[in-house]
Amino acid sequence: MTQDVTQEQDQRRDYDIAIIGAGPAGYSTALRAAELGLSVALIDRDAVVGGTCLNRGCIPSKALITATHAIGTIRHARELGINASVDGIDFGRLRSYRLGIIDTMTKGLSGLLAHRHVPVFHGEAMVTQPGRVRVSPSPGRDAVECTERAGVPEDAGGSMDVHAGSIVLAMGSSPRPLPGIPFSGALIDSTHALSLDRFPSSVVIVGSGAIAVEFASMWNEAGCSVTLLMRHDRVLSSWDRRTSSTITRELRRQGVDVVAHSRVVTVDTGVNLGATVHYTVEGSEERKSAYGEYALAAIGRDPATDMPWLDDLGIARDEAGCVPTDGWGRTSVPGIRAVGDITPGPALAHRAFAQGIVAAESIAGLSPDPVDDDAVPSVVFSSPEAASVGMTAEAARRRDDVTDVEESIYPMMANARMLMSGSAGSLSIVSGIRPQESSERIVLGVHMASPLAGDLIAEAQQLVGQHSPLHRASALIHPHPTMSETLGEALLKADGRPLHTR
């Protein structure tokens, strides 16, 4: 009996916070909590930290996009009179480049966690009751591994209990399959697409969101024949119409076969046979087909909340499977919080970072402001890039707390650097008045399509997030000649005093 009690004590670990999921939401919670002096256990089923973003999403996709942008730059150079050409792609070196970026980022994160004394338990987690997490070996492993020193996993024994005053759920999300058509053979998800050792010669992409658009743009620049099937009349259909229409036109101009108002009926796949996607177009029952070496289903992601123990605990979920929370991450069960992709709202890594910081500070007894989803920027790394923050004009006019909404359109080709880029673009400023705050007109939203839009949106986020008065925002000085001038000139126009435009 004494031996059993001793063994149970050996398998129990006590912490202030236990976090399930080592992606952006989970590790940001862990880092901030440790910084505040709390003891933290981070639990993840993967052998390395970083979650989808570092290992299977944001980082590897942008590494490949960076590579294919170089191809686009060389093509544009010929238009400028520079004789350059692409002789081919060394896929072995490209693979090493992609994996090297991932390895550098994940090792850096692992080192940072170790520096802040955050142990990482690699295993399957299950919350058995508030304050207790059961950790079991991941599939294919005999024991739970624990990494307390960067890059040095150690055997932590069999299943163990982690006790904590607060539990934070950050399990992330996974690619959504087509309705009734599971991923199989040449019908792949984004994770599989990023693991390919070479670019396909032809591909059919189903979807119109950020993932679909980024892959379409990337593969097209690499010389792949791309067909994009979408349900709506334009890609990024929930975005500002001008921005999404610009990106749709550019994809078509660059050679992507964009098929609007389409609905997938079935997909035929087979070993080494590629994929044939059968679809119909709105207004016709005629079946059409599109063939590709691969078919990529990119219609969204589902929260990883299908575990039975969530039901056993009584944790509420909405129709999409997301876990509703208050502004500080608290769920319907006391002592359990949720952050990141499993919560309602935009599934973005930078939003997850902010949520994790808020949750950690709240648990530590501080009083952080909740994350303001109106001020969370979105970026699509297509060519050109699309970026957005704040309200569209249509959304602002539906709000009860906003009046006198105006939208100002800036002609991007009035900017010299934009003209030099050889790309089309768009930029709109949405402004209005929040009567409960002030009678001053403020910046409500900024929406753009242009080279470097992902970097330019950071300034716009500050203006929107701080509810900046339009007359003050328009007085900010932007260096000449730069792409950032487009935002400065657009703000001047929105303020009724345009400089280089009418």
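All values derive from a computational prediction rather than experimental measurement.

About the cut-offs
Each chain carries its own residue numbering, running from 1 in the written order of its sequence. A pLDDT threshold of at least 70 governs which residues receive local features in this predicted model, and a stricter bar of 80 or more applies before side-chain atom pairs are shown or counted, although totals over entire chains, interfaces and linings include all residues. Side-chain descriptors were evaluated using all non-hydrogen atoms of the structure, hydrogens and water having been removed beforehand. Here, nonpolar core means buried Ala, Val, Leu, Ile, Met, Phe, Trp, Tyr and Cys residues that are tied together by side-chain atoms lying within 4.5 Å of each other. Relative accessibility decides the category of a residue: with a 1.4 Å probe and only protein chains considered, values under 20% of the type maximum give buried, values over 50% give exposed, and everything between is partly exposed. Helical segments are the DSSP runs of H or I of at least four residues, strand segments are the runs of E of at least two, and each set is numbered from the N terminus. The contact definition used throughout considers only heavy atoms, calling two residues in contact when any of these lie within 4.5 Å. For the domain bounds, the source is a domain assignment made automatically or taken from a database. Buried area is understood as the total, over both parts, of accessible area removed when two parts are fitted together, assessed with a 1.4 Å probe. We call two N or O atoms a polar contact when they sit within 3.5 Å, provided that within protein one can donate a hydrogen and the other can accept it, with sequence-adjacent residues counted only if both atoms are side-chain atoms. We call Asp, Glu, Lys and Arg charged. Ala, Val, Leu, Ile, Met, Phe, Trp, Tyr, Cys and Pro are nonpolar, and the rest, Gly among them, are polar. Here, strands pair whenever DSSP counts at least two bridges between them. Angles here are taken between N-to-C directions and fall from 0 to 180 degrees, while the axes themselves are lines fitted to C-alpha atoms, restricted in helices to the stretch in contact. Note on ring pairs: Phe, Tyr and Trp rings are taken, using the six-membered ring of Trp, and paired if centres are within 6.5 Å. Classes follow the plane angle, with under 30 degrees stacked, over 60 edge-to-face and the rest tilted.

Engineer: Help me out: how do you make sense of the nonpolar core in this one?
Structural biologist: For soluble globular proteins, nonpolar side chains are generally found buried alongside one another. In this structure, Ile205 and Trp219 are the most contacted members of the largest nonpolar core, which totals 51 residues. Top element by residues in this core is helix 7 (residues 210–221). It accounts for six residues. With sequence-adjacent residues up to four places away left out, Ile205 is seen in contact with Ala212, Phe215, Ala216, Trp219, Val226, Thr227, Leu228, Leu229 and Leu296. In terms of nonpolar packing, the next biggest core, distinct from the first, is built from 29 residues, Tyr15, Leu169, Leu310 and Ile315 among them.

Engineer: Explain the domain arrangement of the chain to me, please; I cannot follow it from the model alone.
Structural biologist: Many structure descriptions define interface size as the accessible area lost when the parts assemble. Per the domain assignment, the segments making up the chain are domain 1 (12–56 + 96–172 + 304–373), domain 2 (176–299) and domain 3 (384–495). For the pair domain 2 and domain 3, the summed buried area comes to about 940 Å², and 65% of that belongs to carbon and sulfur atoms. At the surface where domain 2 touches domain 3, the tally comes to one residue pair in polar contact (both at pLDDT 80 or more). Grouping the amino acids of the side of domain 2 that touches domain 3 by side-chain chemistry returns three nonpolar, three polar and four charged.

Engineer: What is the right way to look at unusual backbone geometry in this model?
Structural biologist: Glycine aside, residues mostly have negative phi angles, and peptide bonds mostly take the trans form. The linkage connecting Ser383 with the following residue, Pro384, adopts the cis geometry, with an omega of 5°. Considering the arrangement of structural elements, one finds Pro384 in the loop between strand 20 (378–380) and strand 21 (385–390). With an omega of -5°, the peptide bond running from His480 to Pro481 counts as cis. Tracing the sequence through the fold places Pro481 in the loop between helix 14 (470–473) and helix 15 (485–494). Its identity is not glycine, yet His117 carries a phi of approximately 60°, on the positive side. With respect to the secondary-structure elements, His117 resides in the loop between helix 5 (91–115) and strand 3 (120–122). A positive phi angle, near 70°, is found at Leu452, a position not held by glycine.

Engineer: I keep staring at the environment of Ser201 and nothing clicks. Help me out?
Structural biologist: Secondary-structure assignment places Ser201 in the loop between helix 6 (190–195) and strand 11 (202–206). Between the C-alpha atoms of Ser201 and Asn220, which are 19 residues apart in sequence, the distance is 9.8 Å.

Engineer: Sorry, what's going on with the sheet that holds strand 16 (residues 288–292) here?
Structural biologist: Strand pairs in the sheet, formed through backbone hydrogen bonds, run parallel or antiparallel to each other. Taken together, three strands build an open sheet; the order of strands is 14-15-16 and the sheet is antiparallel. Two strands bound the open sheet, and with one partner strand each, they are strand 14 (262–270) and strand 16. Recorded for the sheet is a direction-independent mean angle of 25° between the axes of neighbouring strands. Note: strand 14 against strand 15 (residues 274–281), eight bridges, orientation antiparallel. If you follow Ser262 over to strand 15, its bridge partner there is Val281.

Engineer: Teacher, can you tell me more about the packing of aromatic side chains here?
Structural biologist: Here a ring pair, both rings aromatic, is described through the centre-centre distance and the interplanar angle of the planes. The tally for this structure, following the rule as stated, stands at four aromatic pairs. Taken together, a centroid distance of 6.3 Å and an interplanar angle of 70° make the contact between Tyr15 and Phe121 edge-to-face. Residue Tyr15 is found in strand 1 (residues 12–20), and its partner Phe121 is found in strand 3; the two are separated by 106 residues along the sequence. Tyr15 gets classed as buried once you look at its relative accessible area, which sits at 15%. Between Phe91 and Phe199 the ring centres are 5.7 Å apart and the planes differ by 75°, which places this aromatic pair in the edge-to-face class. A residue pair is termed long-range when its members are at least 10 positions apart, and Phe91 in helix 5 and Phe199 in the loop between helix 6 and strand 11 qualify at 108 residues. Taking relative accessible area as the criterion, Phe91 reaches 27% and is therefore assigned partly exposed.

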